[in-house]
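This is what each chain is made of:
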Amino acid sequence: MANQLLFGNVFALRKQRVYRDRIELATLSDRQIRSRFRFKRESIQFISDLLRNDLSHTTRRSQPISVEMQVMLALRFYASGSFLEVIGDTMGVDKATACRAVNDVTNALLSKKDQFIKWPARQEERDRNKQGFFRGGLFPGVIGCIDGTHVKIQAPSEDEPAYVNRKGWHSINVQGVCDHEGKFINVDAQWPGSTHDSHMFRASDVSTYLQTRHRSIDDGFLLGDSGYPCSKFLLTPYLHLHGGSEGFMCYMEKFA
């Protein structure tokens, strides 16, 4: 009797685990997939196949989480920026599983970035970009377009004011360069939101590369908005033009 009083709770039967209903890719419509994850069904499957070897783990769990589910959890987090507990609740997993999936998918994607984000270092690559931009906008010599975009974040605990952008909210200012197909050829995502686009570019590897490698108009140039300094390898708009001929002369002056 005494043993039961002292140790009865130790030998009590473990509470049966209750599994939540998980959302599966096959059960969602194309519209639901696009709305929740900002990707098409085929794109999610492509990412899952790309990362399958990195995300497939040996487990003793009776309901192991699939690679597709891990990718969907990460994409849902990227798309909404919501709390991980909320992400887990909407997808039918616990917070720890959602956190682990986001971390694993993020690291796996980063390990593959050089397969997709490539600077056009070879002449044939630059020529292909030039031809693409000319077909799309009749603008010669362009190898890429550059701009910055603010990615919203929660207020950091350190150096918080530096992350407040000109619109008044916390962000990372991300610099991207895209080719004629809209594909990234360079990304710089290390600057707090208060950093100006022109400073990001001056301090970037792309700027250093162009300053040391750009020799003539044949090397091509980038197009940017008026937030960037105009140079022989980065063209920005003239804000006050009075005619087509003046625009042509302004274009030529950049290479004088």
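How each quantity is defined
Sequence positions are assigned chain by chain, starting from 1 and proceeding in written order. Residues qualify for local features only when their pLDDT is at least 70, as the model is predicted, and side-chain atom pairs are given and counted only at 80 or more; totals for whole chains, interfaces and linings, by contrast, use all residues. In computing side-chain values, all of the structure's heavy atoms are included and hydrogens and water are not. Only one rule defines a salt bridge in this text: a Lys or Arg side-chain nitrogen within 4 Å of an Asp or Glu carboxyl oxygen. A run of DSSP states H or I qualifies as a helix once it reaches four residues; a run of E qualifies as a strand once it reaches two. Both are numbered from the N-terminal end. Note on exposure labels: buried denotes an accessible area under 20% of the residue type's maximum, exposed denotes more than 50%, and partly exposed covers the range between, all computed with a 1.4 Å probe on protein chains only. Helix span, as expected, comes to 1.5 Å for every residue beyond the first. Contacts are assigned to residue pairs with any non-hydrogen atoms lying within 4.5 Å of each other. Here pLDDT means the predictor's own confidence in every residue, given as a number from 0 to 100. Two rings from Phe, Tyr or Trp (for Trp, the six-membered ring) form a pair when their centres sit within 6.5 Å of each other. Planes less than 30 degrees apart are called stacked, planes more than 60 degrees apart edge-to-face, and all others tilted. A cavity here means a set of points on a 1 Å grid, drawn over the protein atoms and nothing else, where a 1.4 Å probe fits but cannot get out; a pocket is an open set with protein on both sides within 12 Å along at least five of seven lines, and a residue lines either one if it has an atom within 4 Å of a point. Grid points are joined across faces, edges and corners, and a volume is the space filled by probe spheres set on the points. Side-chain classes are defined by residue name, with Ala, Val, Leu, Ile, Met, Phe, Trp, Tyr, Cys and Pro counting as nonpolar, Asp, Glu, Lys and Arg as charged, and the others, Gly among them, as polar. Only buried residues count toward a nonpolar core. Its members are Ala, Val, Leu, Ile, Met, Phe, Trp, Tyr and Cys residues joined through side-chain atoms within 4.5 Å. Strands are treated as partners if at least two bridges between them are detected by DSSP.

(A) Here's a closer look at the pattern of salt bridges. Per the stated rule, a full pass over the model turns up nine salt bridges. Between Glu68 and Arg52 there is a salt bridge, with its nearest N and O atoms 2.6 Å apart. Linking Glu68 in helix α4 (residues 67–80) with Arg52 in helix α3 (residues 41–55), this pair joins segments that are 16 residues apart in sequence. Close ionic contact of Arg122 with Glu124 constitutes a salt bridge, the shortest N to O distance being 2.9 Å. Since its relative accessible area comes to 47%, Arg122 is described here as partly exposed. Assessed through its relative accessible area of 45%, Glu124 is described here as partly exposed. By sharing partners, the salt bridges in this structure join Asp49, Arg52 and Glu68 into a single network.

(B) Seen up close, α4. Over its 14 residues, α4 extends 20 Å from the first C-alpha to the last, a length consistent with the 20 Å expected when each residue adds 1.5 Å. When α4 is considered as a whole, its buried residues turn out to be Val67, Glu68, Met69, Gln70, Val71, Met72, Leu73, Ala74, Leu75 and Ala79. Lining the buried residues of α4 we find α2 (30–37), α3, α5 (84–91) and α6 (95–111). Count one or two residues on from α4 and you reach Gly81, which has phi positive near 65 degrees.

(C) Representation of the confidence of the model for the protein. Across the protein, the average pLDDT comes to 88, with 84% of residues at or above 70. Per-element confidence in the protein is highest for strand β2 (residues 171–178), whose mean pLDDT is 98, and lowest for helix α10 (residues 244–253), whose mean pLDDT is 50.

(D) Examining the side chain of Ser171 more closely. Relative to the helices and strands, Ser171 resides in strand β2. With near-sequence residues (within four places) excluded, Ser171 lies in contact with His150, Val151, Lys152, Ile153, Tyr163, Asn165, Pro192 and Gly193.

(E) Broad picture of the packing of aromatic side chains. Overall, the coordinates contain six aromatic pairs when judged by the stated rule. Judged by centre distance (6.0 Å) and plane angle (70 degrees), the rings of Trp119 and Tyr209 are edge-to-face. Taken together, the positions of Trp119 in the loop between α6 and α7 (123–137) and Tyr209 in helix α9 (residues 205–213) put the pair 90 residues apart, joining distant regions of the chain. On the accessibility criterion, Tyr209 (24% relative accessible area) is partly exposed. A network of ring pairs unites the aromatic residues Phe201, Tyr228 and Phe233 as a single cluster.

(F) Spatial organisation of the layout of surface pockets. Roughly 270 Å³ of volume is contained in the second largest pocket. Considering the residues around the second largest pocket, the lining is formed by 16 residues, among which His150, Arg166, Asn173, Thr195 and Asp197 are closest to the centre. Per-element tally for the lining of the second largest pocket: the top contributor is strand β1 (residues 142–152), with four residues. Residues belonging to the lining of the second largest pocket are distributed by class as follows: one nonpolar, ten polar and five charged.

(G) Region of interest: the nonpolar core. Core analysis: the largest hydrophobic core is formed by 24 residues, its most contacted members being Phe37, Ile44, Leu55, Val71, Met72, Leu73 and Met91. Of all elements in the fold, only α2, α3, α4, α5 and α6 reach the threshold of two or more residues within this core. Among the elements that make up this core, the one with the highest residue count is α4 (seven residues). Not counting chain neighbours up to four residues away, the residues in contact with Ile44 comprise Leu25, Ile33, Phe37, Phe39, Val71, Met72 and Leu75. Within the second largest apolar cluster, twelve residues are counted, among which are Trp119, Phe201, Leu222 and Phe233.

(H) Main features of the environment of Gly92. By secondary structure assignment, the location of Gly92 is in the loop between α5 and α6. Of the residues examined, Gly92 reaches a relative accessible area of 8% and is grouped as buried. Between the C-alpha atoms of Gly92 and Asp21, which are 71 residues apart in sequence, the distance is 5.4 Å.

(I) A look at the sheet that holds β1. The five strands lie next to each other as β3-β2-β1-β4-β5, forming an open sheet whose pairing is mixed. In this open sheet, the two edge strands, each paired with only one partner strand, are β3 (184–192) and β5 (234–235). Where strand β4 (residues 221–223) and β5 come together, two bridges link them in parallel fashion. In the strand pairing of β5, Leu222 is matched with Leu234.

(J) Structural context of the pairing of β2. Burial of β2 is extensive: eight of the eight residues sit out of reach of the surface. Neither face of β2 is exposed, since Ser171, Asn173, Gln175 and Val177 on one face and Ile172, Val174, Gly176 and Cys178 on the opposite face are all buried. Where β1 meets β2, eight bridges bridge the pair, whose relative direction is antiparallel. Among the inter-strand pairings, Ile146 is bridged to a residue of β2, identified as Val177. Sheet topology note: the β2/β3 ladder contains six bridges and is antiparallel. Note on β3: the bridge partner recorded for Gly176 is Val187.

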